[in-house]
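Next come the chains, spelled out residue by residue.
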Number of protein chains: 2
Amino acid sequence: MRKIAKYAVAGAAIISMSFRGDNAGQVDMHTVSLIKNEGFRNSQVMNTLFELTDVNGPRLTGSQGMYTAELWAAKQLKKWGMQNVHIERWGGFGKGWQIDKSYIAMREPYYQPLIGVPRAWTPGTEGMLRGDAILVRIEKLEDMAQYSGKLRGKMVVLSTLNNETKPNFTADARRLTDEELHKMEMDNHTEEVATNLSRKAQPGRPRVNLRPQIDSFLMEEGAIAVLSGGRGTMGTVFTSNGASRKWDAKPVLPEMEMGNEHLAILGRLLDAGKKVTLEMDSWTSFITTDSTEYNVIAEIPGTDPQLKDEVVMLGAHLDSWHASTGATDNGTGSAVMMEAIRILKAIGAKPRRTIRLALWSGEEQGLLGSRGYVKKHFGDRLTMKLKPGQKMVSAYYNLDNGGGKIRGIFAQENDEVRSIFAGWLAPFADLGATTVTLRNTGSTDHISFDEVGIPGFQFIQDPLEYGTRTHHTNMDSYDRVSANDLQQASVIVASFVYHTAMRTQKLPRKPLPKVNKAADSYRR
Amino acid sequence: MRKIAKYAVAGAAIISMSFRGDNAGQVDMHTVSLIKNEGFRNSQVMNTLFELTDVNGPRLTGSQGMYTAELWAAKQLKKWGMQNVHIERWGGFGKGWQIDKSYIAMREPYYQPLIGVPRAWTPGTEGMLRGDAILVRIEKLEDMAQYSGKLRGKMVVLSTLNNETKPNFTADARRLTDEELHKMEMDNHTEEVATNLSRKAQPGRPRVNLRPQIDSFLMEEGAIAVLSGGRGTMGTVFTSNGASRKWDAKPVLPEMEMGNEHLAILGRLLDAGKKVTLEMDSWTSFITTDSTEYNVIAEIPGTDPQLKDEVVMLGAHLDSWHASTGATDNGTGSAVMMEAIRILKAIGAKPRRTIRLALWSGEEQGLLGSRGYVKKHFGDRLTMKLKPGQKMVSAYYNLDNGGGKIRGIFAQENDEVRSIFAGWLAPFADLGATTVTLRNTGSTDHISFDEVGIPGFQFIQDPLEYGTRTHHTNMDSYDRVSANDLQQASVIVASFVYHTAMRTQKLPRKPLPKVNKAADSYRR
């Protein structure tokens, strides 16, 4: 009963907002009904996710796995009847990289296999390497001197942190509460707010800016391998890149990122002056024959002669990190966006504007695929020189906050879309999606559109285990994902895209951003 | 303020119960004060735990690690000034076993290192073994036939289960609530109750009784390795034995126990008809030169000429499983019991009765060390033929439910000790220890005493992450342990042992158990 009551209230609120001419968020309830039927009764989203994750494997940009995923997605989209399906080059990326073998263990004082993951773009040991471990703590550059002459032949346990693990009295997974959602909706932008609810602060990270100097120092001193990291517990390891993908990148040592407990065992033993020997056998390969990188593009062409050259876009990044199959980052986003366009095709939607799906690459390295695409078609965010295509895009919708169901949408400080989105959300109140927040959210591909003045939006999602267990970890696999959540998200995205494509006018736009030379450093 | 109020109430209740002659649980508050000062100000319990876990490594009974831990403990107890310190043989055990190398990965359809642990007493592959994976589901014996002729050269993914992993909305760690404790105290023994709060039901376990037949079938059919398990998520793997330690044990295949996600990836791919190849490189060794197994014994001699031949015992099992360093099962119990006797020595306690510490081996294989000791000194549980020593033991106190602080004690259906224990707990109400439950609890070494009529007790402890993350897992390491919890437990155990040693009479006993031939099957 409570759900129905809430729905009624939300609906009433919306109706009063909706009928204001251009700002109306009227809903075509017949199509919503068709979308829900297809999305909940004939869902293919979990099968799509299975193919992208379990079957395909990790999808690090530049790896063979990313390329096979793009080819599979294009083939599948064609099968579903999409038009203009192709993989589209966005530019050069640098070296590709993948893991061919990964093994690490402590040999003394006793044998203990360790859970570790090679950091992306680091070389392998190319055979079994054994050596004494040494604890190296460098918080500032002056800390280096004490290790001079002590590292030759050593395996460096790099710890800048006091990683104390405590019993975990907080559940890994959670959903947003009514209170949190209300706060997002009502927030008045005078407070400091987190830009991304799902990604927690990462106090455990070493200072990235010292790493190039540390890397050079370790090489010069003759160390033979590095163990680093320490984010993640209970066997979960957070991963990232450990070297540059650039063609002229400086050589670095083989390096593995470790979970907290295993790094901590080594740290405690070494702190206590115990002899620790490690063994490591890792092989990684660099793909240097070709650095072409692609996005996957597919369309349902518009049918209104006046509007069919205008576009509504939806997308998600298909690339992942390398330690697992990137199920929630961002297999789920990719599968949901593919499912949303599949649903629209399956119900025979005849959109007035063209609907275009994009599956991006290079997101994890700085929104590279989407920025490349936007630069080619819509404009240059650094100079703010825009192309004619910029005016033709009504909106871009993105999904990249894990596998949680949609609870609403970030209006990205665009006041005029607020009531439109509220109207479009109204039919989904009983599915938990109720909130339009004016807040900006960052860190993923809608930014590439927003920064050249195209309305770009990211949905609010339940965090589930995204920040705690899956985001960039070795445990980001298919098991983490709930079918119900993905079906709900697919249906809501399909409806938003459809209504954007049918609306008489394009979505209202914010004032054009100013030229911002610093934009290049926006992310990582 | 709330704590003080509770303490006052508990104290008042106790006082009314305490002064009933022999059933009094009077407290020597001066000694309690000394114990608390030593246990909280000069604690060594975390250092003891560090030595037993990080420094020593896994302590599987029969392994070199177990032997070095026993030698270290005996040496440390001597250093602390204990008397009659020795390691005491309890009998033959079978083959010792340890892991010398452990590596497993999926090679096709893409490379993915897998988290797996060799099951105890299984052989290694003794080099890199590669093969196609095949999914084998045997729920009942008739299910075997379908695999006949299909297993030669195959690596068997043994799955009898539908292991669905769901987002975890429950925290791994928890403490007992006031309501739970109250229920334990008031429970009237007419309900079915769990005997051990910390150990959850294990629905995921394959039916143990089919495994010998399955093992023989897989060998006969020419399979080359087995992947099994599926308990544990997020990189945590639950381990156990996969073969017999007996001298004449039948040969079995190399076998690894896997976490749920990795077993599930293989299961989904094989279910979908995909080709999966695995590679495995594991080495294990059997120690067959000697099967002598020991317990560690240490004493503070009694000082009362009339009572010094009587004994109060405290103990915990020192042995662990093999996948980690057994921090909470049962490094914590061992460290706390060592700390309790150290505290008593350090404060110069002059107990009337002799205080005797025992650190057991072979607990994980069926309370073997404590049963061996009890049989040698006190009596035979199968025939109930008792030795004179049986009468001389006032009580045995055990700790083996993880690293959580003490919340009370199981009176093990001994009505007469209830008010005594309530009195002895009273000074520790503000530390969270308030509950005397009449309930029996099982599954650890106090049972070896209880079953020959000697009062044997196990303390109630907060579960923390014991059932969810640490009990028999690859993540049972030092990081899981809270120093505050261990200090509290050490102080309470020291006080219980001291008061038992000083009491005019031995603790009251339950009626002697009847001869029970079935007792041998009590555990595992």
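Residues numbered from 1 in each chain as written. Chains lettered and ligands numbered in written order. Predicted model: local features only at pLDDT ≥ 70, side-chain atom pairs only at ≥ 80, totals over all residues. Heavy atoms only, no water.

Focus on the overall build of chain A
Phase 1 of the analysis: On a plain count of helices and strands, chain A comes out with 13 helices and 20 strands.
Phase 2 of the analysis: The buried share of chain A, reckoned over its 524 residues, is 64%.
Phase 3 of the analysis: Long-range contacts, defined here as pairs at least 24 residues apart, represent 86% of the contacts in chain A between residues at least 6 apart. (Helix = DSSP H or I, 4+ residues; strand = E, 2+ residues; numbered from the N terminus. Buried < 20%, exposed > 50% of the residue type's maximum accessible area, 1.4 Å probe, protein only. Contact = heavy atoms within 4.5 Å.)

A closer look at the relation of the copies chain A and chain B
Phase 1 of the analysis: Mapping chain A onto chain B calls for a rotation angle of 180° and an axial translation of 0.0 Å; the resulting RMSD is 0.0 Å. Each copy turns onto its partner about a two-fold axis.
Phase 2 of the analysis: The overlap is high: 100% of the interface residues of chain A also sit at the interface in chain B, so the same surface is used on both sides. (Least-squares fit on C-alpha atoms with pLDDT ≥ 70 in both.)

Some points on the packing of aromatic side chains
Phase 1 of the analysis: Under the definition given, this model contains 39 aromatic pairs over all chains.
Phase 2 of the analysis: Here the aromatic rings of Phe421 of chain A and Phe457 of chain A are separated by 4.8 Å at their centres, their planes lie at 85°, and the arrangement is edge-to-face. With Phe421 of chain A in helix 10 (residues 418–425) and Phe457 of chain A in strand 20 (residues 456–461), this pair connects stretches of sequence that are 36 residues apart.
Phase 3 of the analysis: Using a relative accessible area of 1% as the deciding quantity, one classes Phe457 of chain A as buried.
Phase 4 of the analysis: Ring pairing ties together the aromatic residues Tyr397, Phe421, Trp424, Phe457, Phe459 and Phe496 of chain A, which thus form one cluster.
Phase 5 of the analysis: Its end group placed over the ring of Tyr103 of chain B, Lys101 of chain A keeps NZ or CZ at 4.6 Å from the ring centre.
Phase 6 of the analysis: The aromatic ring of Phe238 of chain A is capped on one face by Arg231 of chain A, whose charged end is 3.9 Å from the ring centroid. (Phe/Tyr/Trp six-rings, centres within 6.5 Å; stacked < 30°, edge-to-face > 60°. Lys NZ or Arg CZ within 6 Å of the ring centre and 35° of its normal.)

A few points about the nonpolar core
Phase 1 of the analysis: Judged by nonpolar contacts, the single largest core of 90 residues is most densely connected at Leu77, Leu344, Tyr397 and Phe421 of chain A together with Leu278 of chain B.
Phase 2 of the analysis: No other element matches helix 13 (residues 483–502) of chain A, which puts 10 residues into this core. (Core = buried A, V, L, I, M, F, W, Y, C linked by side-chain atoms within 4.5 Å.)

As for the pattern of salt bridges
All names here are of chain B.
Phase 1 of the analysis: Under the defined criterion, the tally for this structure stands at 56 salt bridges over all chains.
Phase 2 of the analysis: Notably, a salt bridge pairs Arg211 with Glu255, separated by 2.7 Å at the nearest N-O pair. A residue pair is termed long-range when its members are at least 10 positions apart, and Arg211 in helix 6 (residues 211–220) and Glu255 in strand 9 (residues 255–258) qualify at 44 residues. Neither residue differs from the other here; Arg211 and Glu255 are each classed as buried.
Phase 3 of the analysis: The partner of Arg407 in a salt bridge is Asp462, and the shortest N-O contact between them spans 2.8 Å. (Salt bridge = Lys/Arg side-chain N within 4 Å of Asp/Glu carboxyl O.)

Quick notes on the sheet that holds strand 18 (residues 406–410) of chain B
Residue and element names in this part refer to chain B.
Phase 1 of the analysis: Overall, mixed pairing links the 8 strands, which are arranged 1-12-14-13-17-20-18-19 in an open sheet. Looking at which strands have only one partner, the edges of the open sheet turn out to be strand 1 (83–92) and strand 19 (435–437). Strand after strand, the sheet turns through a mean of 25° between neighbouring axes, direction not considered.
Phase 2 of the analysis: In terms of strand pairing, strand 13 (residues 311–317) meets strand 17 (residues 393–398) through 5 bridges, oriented parallel. When the bridges of strand 17 are listed, Leu314 appears paired with Tyr397.
Phase 3 of the analysis: Against the sheet, helix 5 (residues 178–186) contacts strand 18, strand 19 and strand 20 (456–461), and its axis sits at roughly 40° relative to strand 19. (Pairing = 2+ DSSP bridges. Axes fitted to C-alpha atoms, helices over the stretch in contact; angles between N-to-C directions.)

So, the side chain of Thr284 of chain A
Residues and elements named next belong to chain A.
Phase 1 of the analysis: Along the polypeptide, Thr284 turns up in strand 11 (residues 283–287).
Phase 2 of the analysis: Judged by relative accessible area, which is 8%, Thr284 ranks as buried.
Phase 3 of the analysis: There is a polar contact of 2.9 Å between the side chain of Thr284 and the backbone oxygen of Thr122.
Phase 4 of the analysis: Among the polar contacts listed, one links the side chain of Thr284 to the backbone nitrogen of Gly124, at a separation of 3.2 Å. (Polar contact = N/O pair within 3.5 Å; in protein donor to acceptor, adjacent residues only side chain to side chain.)

Observations regarding the interface of chain A and chain B
Size of an interface: often given as the accessible area lost when the parts come together.
Phase 1 of the analysis: Counting residues at the interface gives 56 residues for chain A and 56 residues for chain B.
Phase 2 of the analysis: Summed over both sides, the interface between chain A and chain B buries roughly 4500 Å², with carbon and sulfur atoms accounting for 59% of that surface.
Phase 3 of the analysis: When residues of chain A are sorted by the area they lose upon contact with chain B, Met234, Arg268 and Asp479 of chain A head the list and together hold 16% of the total.
Phase 4 of the analysis: On the surface where chain A and chain B come into contact, there are 6 salt bridges.
Phase 5 of the analysis: Taking the shortest distance from any N to any O, the salt bridge between Arg480 of chain A and Glu261 of chain B comes out at 2.7 Å.
Phase 6 of the analysis: Considering only residue class, the side of chain A that touches chain B consists of 24 nonpolar, 16 polar and 16 charged. (Buried area = accessible area lost by both parts, 1.4 Å probe. Nonpolar A, V, L, I, M, F, W, Y, C, P; charged D, E, K, R; others polar.)

Concerning the packing of helix 2 (residues 29–41) of chain B against helix 13 (residues 483–502) of chain B
Residue and element names in this part refer to chain B.
Phase 1 of the analysis: Two elements in contact, helix 2 and helix 13, have axes separated by 9 Å at closest approach and are oriented at 150°. Relative to helix 13, the element helix 2 is oriented roughly antiparallel. In this structure, helix 2 crosses over helix 13, and the sense of that crossing is right-handed. In contact with Thr31, Val32, Ile35, Lys36, Gly39 and Phe40 of helix 2, helix 13 contributes Gln487, Gln488, Val491, Ala494, Ser495, Tyr498 and His499. (Parallel < 35°, antiparallel > 145°, perpendicular 65-115°, else oblique. Left-handed = near helix turned anticlockwise from the far one by under 90°.)

A few points about helix 8 (residues 327–346) of chain A
Residue and element names in this part refer to chain A.
Phase 1 of the analysis: Taking 1.5 Å per residue, 20 residues should reach 28 Å; helix 8 reaches only 25 Å between its end C-alpha atoms and comes up short.
Phase 2 of the analysis: The buried fraction of helix 8 is high, at 18 of 20 residues.
Phase 3 of the analysis: In the segment just after helix 8, Gly348 is the residue with positive phi, at about 70°. (Expected span 1.5 Å × (residues − 1).)

A look at helix 3 (residues 45–55) of chain A
Phase 1 of the analysis: The buried fraction of helix 3 of chain A amounts to 10 of the 11 residues, a majority that puts the element mostly inside the structure.
Phase 2 of the analysis: By the burial criterion, the buried members of helix 3 of chain A are Val45, Met46, Thr48, Leu49, Phe50, Glu51, Leu52, Thr53, Asp54 and Val55 of chain A.
Phase 3 of the analysis: Residues of helix 3 of chain A that are buried sit in contact with helix 4 (64–79), helix 8 and helix 13 of chain A together with helix 7 (260–271) of chain B.
Phase 4 of the analysis: One or two positions beyond helix 3 of chain A, positive phi appears at Gly57 of chain A, with a value near 90°.

Concerning the domain arrangement of chain A
Residues and elements named next belong to chain A.
Phase 1 of the analysis: You can read the domains of chain A as domain 1 (48–93 + 291–521) and domain 2 (99–163 + 204–284).
Phase 2 of the analysis: Centre-to-centre, using C-alpha coordinates, domain 1 lies 36 Å away from domain 2.
Phase 3 of the analysis: Between domain 1 and domain 2, the residue contacts involve 17 residues of the former and 19 residues of the latter.
Phase 4 of the analysis: Carbon and sulfur atoms supply 56% of the area buried between domain 1 and domain 2, which totals about 1300 Å² over both sides. (Domains from an automatic or database assignment.)

A few points about the sheet that holds strand 1 (residues 83–92) of chain A
All names here are of chain A.
Phase 1 of the analysis: Ordered in space as 1-12-14-13-17-20-18-19, the 8 strands form an open sheet in which the pairing is mixed. Each end of this open sheet is capped by a strand with a single partner; those strands are strand 1 and strand 19 (435–437). Ignoring strand direction, the axes of neighbouring strands in this sheet form an average angle of 25°.
Phase 2 of the analysis: Across 3 bridges, strand 17 (residues 393–398) lies against strand 20 in parallel orientation. Bridge pairing links Tyr396 to Gly456 in strand 20.
Phase 3 of the analysis: The sheet contacts of helix 10 involve strand 17, strand 18 (406–410), strand 19 and strand 20, and relative to strand 19 the element is tilted by about 165°.

Concerning the environment of Leu176 of chain A
Residues and elements named next belong to chain A.
Phase 1 of the analysis: Position of Leu176 relative to the elements: it lies in the loop between strand 7 (155–158) and helix 5 (178–186).
Phase 2 of the analysis: By relative accessible area, which is 4% here, Leu176 ends up buried.
Phase 3 of the analysis: Distance in space between the C-alpha atoms of Leu176 and Ile460 is 9.5 Å, their sequence separation being 284 residues.

Structural notes on the environment of Pro109 of chain B
All names here are of chain B.
Phase 1 of the analysis: The residue Pro109 is located in the loop between strand 3 (104–108) and strand 4 (112–113) in this model.
Phase 2 of the analysis: Here Pro109 falls in the partly exposed class, since its relative accessible area comes to 38%.
Phase 3 of the analysis: Taking the C-alpha atoms as reference points, Pro109 and Val276, 167 residues apart in sequence, are found 5.9 Å from one another.

Focus on the environment of Leu227 of chain B
Residues and elements named next belong to chain B.
Phase 1 of the analysis: By the secondary structure assignment, Leu227 is in strand 8 (residues 225–229).
Phase 2 of the analysis: Given a relative accessible area of 0%, Leu227 falls into the buried group.
Phase 3 of the analysis: In the structure, Leu227 is positioned 254 residues away from Val481 in sequence and 30 Å away in space, judged by C-alpha atoms.
Phase 4 of the analysis: In this structure, Leu227 is in contact with Ile104, Val156, Val157, Leu158, Met256, Met258, Leu263, Leu266 and Leu278, ignoring residues within four places of it in sequence.

Examining unusual backbone geometry
Phase 1 of the analysis: Of note, the amide linkage connecting Glu108 of chain A to Pro109 of chain A takes the cis form, showing an omega dihedral of 10°.
Phase 2 of the analysis: Its identity is not glycine, yet Glu126 of chain A carries a phi of approximately 55°, on the positive side.
Phase 3 of the analysis: As for its position among the elements, Glu126 of chain A is in the loop between strand 5 (116–118) and strand 6 (128–136).
Phase 4 of the analysis: On the accessibility criterion, Glu126 of chain A (52% relative accessible area) is exposed.
Phase 5 of the analysis: Phi at Leu367 of chain B takes a positive value of approximately 60°, unusual for a residue other than glycine.
Phase 6 of the analysis: Position of Leu367 of chain B among the secondary structure elements: in the loop between strand 14 (354–360) and helix 9 (368–377).

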